[in-house]
Each structure stands twice: as structure tokens, then as C-alpha cells.
Amino acid sequence: MATATATASDLATASTSDLATATASSWFLVTPGHKCAKGYQKKTKWEERTCIRYKCGFLNTIQDVLGKRPGWIEVKDEGEWDLNWCDAAWLRQNFDHSYMEDHVRISHFRNHSELTRKNFMVKNLKRYQKTLEREEGREEAAKCDFFPRTFELPSEYPLFVEEFKRSTGSTWIMKPVARSQGKGIFLFRKLKDIMDWKKYGTRTEEQKNEVESYVVQRYIENPYLLAGKKFDLRVYVMVTSYIPLKAWLYRDGFARFSSTRFSLSSIDDPYVHLTNVAVQKTAPDYDPEKGNKWPMQQLRRYLTAKHGRETVETLFKEMDNILVRCLQSVQNVIINDKHCFELYGYDILLDDSLKLWLIEVNASPSLAASSQQDYDMKFGLLEDTLHIVDMEG
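If you're wondering where the values come from, they're calculated on a predicted model, not measured in any experiment. Sequence order as written defines residue numbering, which begins from 1 separately in each chain. Confidence filtering applies because this is a predicted model: local features only for residues at pLDDT of at least 70, side-chain atom pairs given and counted only at 80 or more, and all residues used for totals across whole chains, interfaces and linings. Processing note: side-chain calculations cover all non-hydrogen atoms of the structure and skip hydrogens and water entirely.

Novice: Looking at this model, I keep getting lost on unusual backbone geometry. Mind explaining?
Specialist: In most cases, non-glycine residues show a negative phi, while peptide bonds are predominantly trans. The amide bond that connects Leu 153 to the next residue, Pro 154, takes the cis arrangement and shows omega of 10°. Counting from the N terminus, the helices are DSSP H or I runs at least four residues long and the strands are E runs at least two residues long. Here Pro 154 shows up in the loop between β6 (150-153) and α6 (157-166). Positive phi is not limited to glycine here, since Ala 227 has a value of about 55°. As for its placement among the helices and strands, Ala 227 is situated in the loop between β10 (225-226) and β11 (229-242). Since its relative accessible area comes to 64%, Ala 227 is described here as exposed. Despite not being glycine, Asp 390 has its phi angle at roughly 55°, a positive value. The buried label applies to any residue whose accessible area, calculated with a 1.4 Å probe on protein chains only, is under 20% of its type's maximum; exposed applies above 50%, and partly exposed to all values in between.

Encoded structure:
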């Protein structure tokens, strides 16, 4: 496993633009205050325990990876465990009621939703941007200009209406703040399509609490297209500590493609506008062997051939900026705990002017494989993740 180090404010020294020369399935360490750290090496001997007890709430690739690690055994039900690869629901119900010894590790931070819930993510990014402008100036704050104009509904409905009227004819996208896999998402151009929120002011407090929150964002109407189809990027970042901030950037990721050629004349067609695998695999022409994905390195080669090496290196350095600033935006609000680590899945969109847009950050990125190639990539991702967690040591 190859590693490189850099300060969080100077991630370019360990940027994805430099990763093409690394070996496959590599994490790159981003550690503030360290300019040159020794590369991570997988331990080959047990140092403290003869076996590792693990608990896993998923039945996909992570279960395979855990089950194949030498000396690791799975515990069921209420058995004692050393590592718990849990889902967010388990975390909410059990974390505060669990005693954990020093060596125990769990796969989420307690309030990870500050970054992974759509409305909280935008709230924290906006606050962080204002702080930068106040303390370091507009030029520094402008480096956070990577997320679309966003409002939370129903609470910010009046503000949204003002913006909507200033941008007549624009397309907007509605997303439930706490759902995934493309569920509940739709596009619109007329206020009458979201009239339920306009009635918000006439509801009782009890009724208001029952309304599902959404974010509404200005839709990126000019995505970069390949073969006429929209795609976005899935990038993996692992955080082992927020104080100090210690993040690992994974070399491999992928581009997810839509099944249908892009057009703004069909805003009701999810196969055109949503790249989520859960949506695309229901398309009539979906190919399960290919899985509508390109490896990140294949995309890099394509973009380099079309736009040149220097342009693509700059592009991926800009991506690094997005990855780190998102973490910095929540660094002071995430409850840092030595027992916790987190594997994030960033979704990033590229537009036709080669500008990157942050779509969302996932706390439980899908570990189910859509093809053999996808399985191999995710198996390597998870295996290397466990090397870094290093339960053996």
C-alpha cells in the first residue's frame, strides 16, 4: 500500500493528480502538520490479540472482506466484538449505551449526519464559507464555491421563492434530506409543482413536524457528457480522526453513467438525470455486466486525451480542495471519538466548463457490487480500509 502525506491546507502535494503513478488500491494520508511521513505498511504479525471479533450489519462485499481476514471471527446478536461495521440505525440506537474498551473500533462517528445529511452539509458549508470570508478574505472563501445554490424546505421556502423569481426558466431539483439511492428526487420548473410547501405557514406546529424536509437546488443544466450521457464521480475518503484532522484519500473510484442520453426536454425521466445505480439498474437497457461505470483511471485517460494533462491535473487538484474543505467545514462540530472511523462516498459532478460540483456526501456508500470489476475495486477498498484501522495492531 502506497501513501503520501500533506497538510490539509495544501492537499495538492498529495493530490489525486499525483495518484496515477501509485499502485492500485491505495489510500493516501492527509495529515495536517506533517510534510513527509513513512508510508503505511500492513502488519504481518499479531501484536496483541490472537483473533479479532467483528460484527457486521451488511450482507455484501464488506462481509466477504471481513470473513476472509486471517484470524477474524464473526459474532452474532449480543456477543462481544472488537470491530463493528454497523449501519446508521444501529449507531443511533446503541452507541450512547455501549461501553467500549480502548482497542474497539466502530465504522461511524456519532454525529456523522453533520456532513452526510443533505441539509446539514449545506448549512455547515455555508457557515464555513462565511467564516473564511470574515477571517481570511473573499478570495479564500471563493474556494468553497463548489455546491449549487441550495435552500431547505419548508423552512426556507420564502427565500427560495425570491431566488426562483430572479432566475425565471431555470431547472431545480428536489431531494429528501435523509433518503438515499435517488428515492424521492424530482426536477421542476414551476412553483405549482411544489405547492405543498407553500401551505406550510397555515399548518399547526404538530403538522409542521410531520412534513418531510427537502433541499431544493439549482439543477446543473450543463453537465459534461460522454456519448451524450450524464455521469458523476464517486470518490472515497476515510477519516480516522477529526481532531487532529486525519483523512485518507483513495486512489480508485468510478464514474456512474445514466442509461439515457441527456436532454432538458425530459425532466421527468430519472434514467436521464439520476446516475444512482439503484435507479439505473431498473432501466430497460441496463447491462448488469458493465454496470454503467467507468473506473476513475479510465476517465482520467479519456479527459487527458481530450483536454491535456495539465488541465486534468488542475481538475483533480480542485477535487482535492472539495474533499478537504468539506471535512474542515464540520471539523469543529463532529464529535471526535478515538473508537470511530468513517468511510465517506463523495458524489461530484463535472460540468461542460470543467467545473466540479459537490452533490452530496454519503456516510454508508453502497458496498454492493454491480459487476465483477466493481466488486474487485470495492473489495480492495475495504481490505485497505481495514489495514488502516489496523485491529491486529
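Novice: For this particular structure, what's the right way to read the pattern of salt bridges?
Specialist: Any two side chains of opposite charge can pair, so long as their charged atoms come close to each other. The rule for a salt bridge is simple: a side-chain nitrogen of Lys or Arg has to be within 4 Å of a carboxyl oxygen of Asp or Glu. Inspection of every chain in the model, using the stated rule, returns 20 salt bridges. A salt bridge links Arg 53 to Glu 80; the nearest nitrogen and oxygen atoms lie 3.5 Å apart. Linking Arg 53 in strand β2 (residues 52-56) with Glu 80 in the loop between β3 (72-74) and β4 (83-85), this pair joins segments that are 27 residues apart in sequence. For the salt bridge of Lys 338 with Asp 102, the shortest nitrogen-to-oxygen distance reads 2.9 Å. One end of the pair, Lys 338, is in the loop between α12 (309-330) and β15 (342-350); the other, Asp 102, is in the loop between α2 (88-94) and β5 (105-106), and 236 residues separate them in sequence. Grouping residues by exposure puts Lys 338 and Asp 102 together as exposed. Because the salt bridges share partners, they merge into one network encompassing Arg 149, Glu 163, Arg 166 and Arg 218.

Novice: For this particular structure, what's the right way to read the sheet that holds strand β7 (residues 172-176)?
Specialist: In sheet architecture, strand pairing relies on hydrogen bonds along the backbone and comes in two forms, parallel and antiparallel. Reading across from one edge, β6-β9-β7-β8 is the order of the four strands in this open sheet, with antiparallel pairing throughout. Looking at strand neighbours, the two that pair on one side only are β6 and β8 (186-188), the edges of this open sheet. Neighbouring strand axes in the sheet, compared pairwise and without regard to direction, differ in orientation by 25° on average. Sheet topology places β7 next to β8; three bridges connect them, and they run antiparallel. Residue pairing in the sheet places Ile 173 in a bridge with Leu 187 of β8. A pair of strands is treated as paired once DSSP finds two or more bridges between them. Fitting a line to C-alpha atoms yields each axis, with helices limited to the stretch in contact; the angle taken between N-to-C directions then spans 0 to 180 degrees.

Novice: Help me out: how do you make sense of the sheet that holds β2 in this one?
Specialist: Spatially, four strands are ordered β3-β2-β4-β5 in an open sheet, and the strand pairing comes out parallel. Bordering the open sheet on either side are β3 and β5, each of which pairs with just one other strand. Sheet topology note: the β4/β5 ladder contains two bridges and is parallel. By the bridge assignment, Asn 84 is partnered in β5 with Ile 106. Docked against the sheet, helix α13 (residues 372-389) engages β3, β4 and β5, running at close to 145° with respect to β4. A contact between two residues is defined here by any heavy atoms of the two lying within 4.5 Å.

Novice: It is not clear to me how the packing of helix α4 (residues 118-136) against α12 should be interpreted in this structure. Could you clarify?
Specialist: Two elements in contact, α4 and α12, have axes whose closest approach is 9 Å; the angle formed by their N-to-C orientations is 90°. The angle between the axes of α4 and α12 places the two elements in the roughly perpendicular class. Only Arg 325, Cys 326, Gln 328, Ser 329 and Val 330 of α12 make contact with α4, whose side of the interface consists of Asn 124, Leu 125, Arg 127, Tyr 128 and Leu 132. Residues were grouped as follows: Ala, Val, Leu, Ile, Met, Phe, Trp, Tyr, Cys and Pro as nonpolar; Asp, Glu, Lys and Arg as charged; and all remaining residues, including Gly, as polar. A class-by-class count of the residues in the contact of α4 with α12 yields five nonpolar, three polar and two charged. We call two directions roughly parallel when the angle between them is under 35 degrees, roughly antiparallel when it is over 145, roughly perpendicular when it lies between 65 and 115, and oblique otherwise.

Novice: Is there a simple way to explain the UniProt feature "coiled-coil region" (unreviewed entry) in the protein chain in this structure?
Specialist: In the numbering used here, UniProt assigns the "coiled-coil region" (unreviewed entry) feature to residues 118-145. Here residues 118-145 runs as 82% helix and 0% strand, with 16 Å between its end C-alpha atoms. UniProt positions are given in the numbering used here, feature names are shortened, and annotations may be inferred rather than shown by experiment.

Novice: Even after reading the chapter, I still don't get the side chain of Lys 175, so can you show me in this structure?
Specialist: As for its position among the elements, Lys 175 is in strand β7. Not counting residues within four places of it along the chain, the set of residues in contact with Lys 175 comprises Lys 118, Ile 185, Ser 213, Tyr 214, Val 215, Gln 217 and Ile 359.

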